[in-house]
Amino acid sequence: MSESSSFPEGRIGLHAAARQSPELQSFQTRAVRGWGRADSRAPSLLPPIVQSATFAQAAPGESAEHTYSRASNPTVAALETALGALEDAPPAVAFASGLAATHALALATLAGGDHAIVSRACYGGTVRLFRQVLAPFGVSASFVDATDVRAIGSAITPRTRLILVETPANPTLDVVDVAAVARLAAAARIPLAVDNTFLTAFHQRPLDLGATVSLLSTTKWIDGHHATIGGALVARDAALLERLRFLRKSVGSIQAPFDAWLTLQGSKTLATRLERHAASALEIARWLDGQAGVARVLYPGLRTHAGHELARRQHRNGHGGLVSFELEGGRDAAIAFARRLELVTVAESLGGAESLLTHPVTMTHGDVPPAERRAIGITDGLVRLSVGLEGVDDIRRDLAQALDASRCAASAGAAALPVAAEEVACG
Ligand SMILES: Cc1ncc(COP(=O)(O)O)c(C=O)c1O
């Protein structure tokens, strides 16, 4: 991988324009206008969805910019330009999912015999990828407490070729000091990737903090409407970006044009949506803290959060829309609570208009061994709330009634009963 962050100006489209033109300096403007302009004879306001597998060539071997949609596609390219512009980077590389992006990152940096350091508090699918898919190919991984920079330093071996941290982490919302880890990684000449899915560039800018790669599951806040599955890698290193495009073409993991188009439309309102999500999340977190039946609340915007001071330095415009909290009655209480929710939907995923709740132990982190889950702080009673765009009072009311029900069910030991039976047991 090249050490330089340079990118040939000719290929970067709006990246160069965004840097130079004063009207594209604000995050909001970049989000709405960052993809560029349609250059068709009918200059549509929105980029066209180029739903075509292949592209005509004037003569054999005389290919235009796009040749085949497994390699690149104009609609996907528009999204890539927009995502790059948000992080002051050349066009990103878009994938069919966040995990496809993580996989491409692993392929670009690791080979058999190599070693990766991964934050131990992270999305369960990332753990599964390293343990169950990459390990049989001879790639080893150490899962370390990334909030402890020295622990990362101690885990480095002569074969370490990638450090991947997720911050805030899924689902504990642990905050990692990206600048400190980046200094360590740079000294050891190891690329650092930050999974920025939970905050996006609106709240946190990994590349500016020294990371090599910013990784996104665009499925979440970037799309913002629970409509698509997608992922992206953002970087300023030209050689790395080229390698990622080559790998994507070779394994066939590019995002489909229509999904890219939907993601691009969603991304335009990122700043406006995230302002509201973060404000509502802070309000909900403050309210939850102190509610009967809630053992602890994890939100980086709360003073009680272990990473609060670091989060204040590292985040901008607030701390995102996710709040995790632990119910006193453990697993039974968490399940009873989830079952009683009426407005908030119990579903995997996060980051859209509708509030969603997950119970990591039975859902996203079911594949992580129980002892490890406990060490990370993923207790049986922990739930993660993605605070949506509904009225914050309505969300709070729903949580309140479900909390009452779960306390009642836990005291009656009735979590496993059908709702009607719980109602009887709880009076
Ligand atoms: C932090 C984080 N990274 C990556 C992923 C994987 O993304 P996708 O579901 O788009 O493959 C997820 C999915 O939940 C996630 O939460």
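Our structure's up above, just so we're on the same page.
Residues numbered from 1 in each chain as written. Predicted model: local features only at pLDDT ≥ 70, side-chain atom pairs only at ≥ 80, totals over all residues. Heavy atoms only, no water.

Peer 1: Quick one: what's the story with the packing of aromatic side chains, residue by residue and with numbers?
Peer 2: In this structure the tally under the stated criterion is 3 aromatic pairs. Judged by centre distance (5.4 Å) and plane angle (55 degrees), the ring pair of phenylalanine 27 and phenylalanine 202 falls under tilted. Here phenylalanine 27 is found in helix α2 (residues 27-33), whereas its partner phenylalanine 202 is found in helix α8 (residues 200-203), with 175 residues between them in sequence. A centroid spacing of 5.7 Å and a plane angle of 85 degrees characterise the contact between phenylalanine 325 and phenylalanine 337, whose relative ring orientation is edge-to-face. Placement of the pair is phenylalanine 325 in strand β9 (residues 322-327) and phenylalanine 337 in helix α13 (residues 330-340), with a sequence separation of 12 residues. For phenylalanine 325, a relative accessible area of 0% gives the class buried. The exposure class assigned to phenylalanine 337 is buried, which follows from its relative accessible area of 0%. (Phe/Tyr/Trp six-rings, centres within 6.5 Å; stacked < 30°, edge-to-face > 60°. Helix = DSSP H or I, 4+ residues; strand = E, 2+ residues; numbered from the N terminus. Buried < 20%, exposed > 50% of the residue type's maximum accessible area, 1.4 Å probe, protein only.)

Peer 1: Break down the pairing of strand β5 (residues 192-195) for me, with residues and values.
Peer 2: Side chains Leu192 and Val194 of β5 all project onto a buried face; the interleaved residues Ala193 and Asp195 project onto the opposite face, where all are buried too. Across 4 bridges, strand β4 (residues 160-166) lies against β5 in parallel orientation. Across the sheet, glutamate 166 pairs through a bridge with aspartate 195, a residue of β5. For the crossover that starts at β4, traverses helix α7 (residues 178-187) and ends in the parallel β5, the hand is right-handed. Sheet topology note: the β5/strand β6 (residues 213-217) ladder contains 3 bridges and is parallel. Looking at β6, one finds that aspartate 195 is bridged to leucine 215. (Pairing = 2+ DSSP bridges. Right-handed = clockwise from strand over helix to strand, strands pointing away.)

Peer 1: Describe the pairing of β9, listing the residues and the values that go with them.
Peer 2: Across the 6 residues of β9, 6 count as buried, placing the element largely inside the fold. Of the two faces of β9, the one lined by Leu322, Ser324 and Glu326 and the one lined by Val323, Phe325 and Leu327 are each fully buried. Relative to β9, strand β8 (residues 294-298) runs antiparallel, the two being bridged by 4 bridges. Bridge assignment links valine 297 to a residue of β9, and that residue is phenylalanine 325. Both β9 and strand β12 (residues 382-386) contribute to a ladder of 5 bridges, which runs antiparallel. Looking across to β12, one finds that serine 324 is bridged to arginine 384.

Peer 1: Explain the environment of histidine 226 to me, using residue names and the numbers behind them.
Peer 2: Position of histidine 226 relative to the elements: it lies in the loop between β6 and β7 (231-235). In this structure, the C-alpha to C-alpha distance between histidine 226 and glycine 266, residues 40 residues apart in sequence, is 9.8 Å. Once residues lying within four places of it in the same chain are set aside, the contact partners of histidine 226 are Ser349, Leu350, Gly351, Gly352, Ala353, Glu354 and Leu356. (Contact = heavy atoms within 4.5 Å.)

Peer 1: How would you summarise the site of the ligand if you had to cite specific residues and measurements?
Peer 2: Taken together, the neighbourhood of the ligand is formed by 13 residues, with Gly98, Asp195, Ser217, Thr219 and Lys220 sitting nearest. One of the backbone N or O atoms of glycine 98 is found 2.9 Å from an oxygen atom in the ligand. The separation between a nitrogen atom of the ligand and a polar side-chain atom of aspartate 195 is 2.7 Å. Relative to its free-state accessible area of 390 Å², the ligand is covered by the protein chains to the extent of 91%. (Near = heavy atom within 4 Å. Polar contact = N/O pair within 3.5 Å; in protein donor to acceptor, adjacent residues only side chain to side chain. Areas by Shrake-Rupley, 256 points an atom, 1.4 Å probe, with all protein chains shown as cover.)

Peer 1: I'd like a description of the sheet that holds strand β11 (residues 356-358), backed by residues and values.
Peer 2: Pairing is mixed in the open sheet, where 5 strands are placed in the order β8-β9-β12-β11-β10. Of all the strands in the sheet, the pair left with one neighbour each is β8 and β10 (345-346). Pairing of β11 with β12 involves 3 bridges; the strand directions are antiparallel. Its bridge partner lying in β12, leucine 357 is registered against leucine 385. Its contacts with the sheet put helix α11 (residues 270-288) on β8, β9 and β12, and the angle it makes with β9 is roughly 15 degrees. Its contacts with the sheet put α13 on β9, β10, β11 and β12, and the angle it makes with β9 is roughly 125 degrees. (Axes fitted to C-alpha atoms, helices over the stretch in contact; angles between N-to-C directions.)

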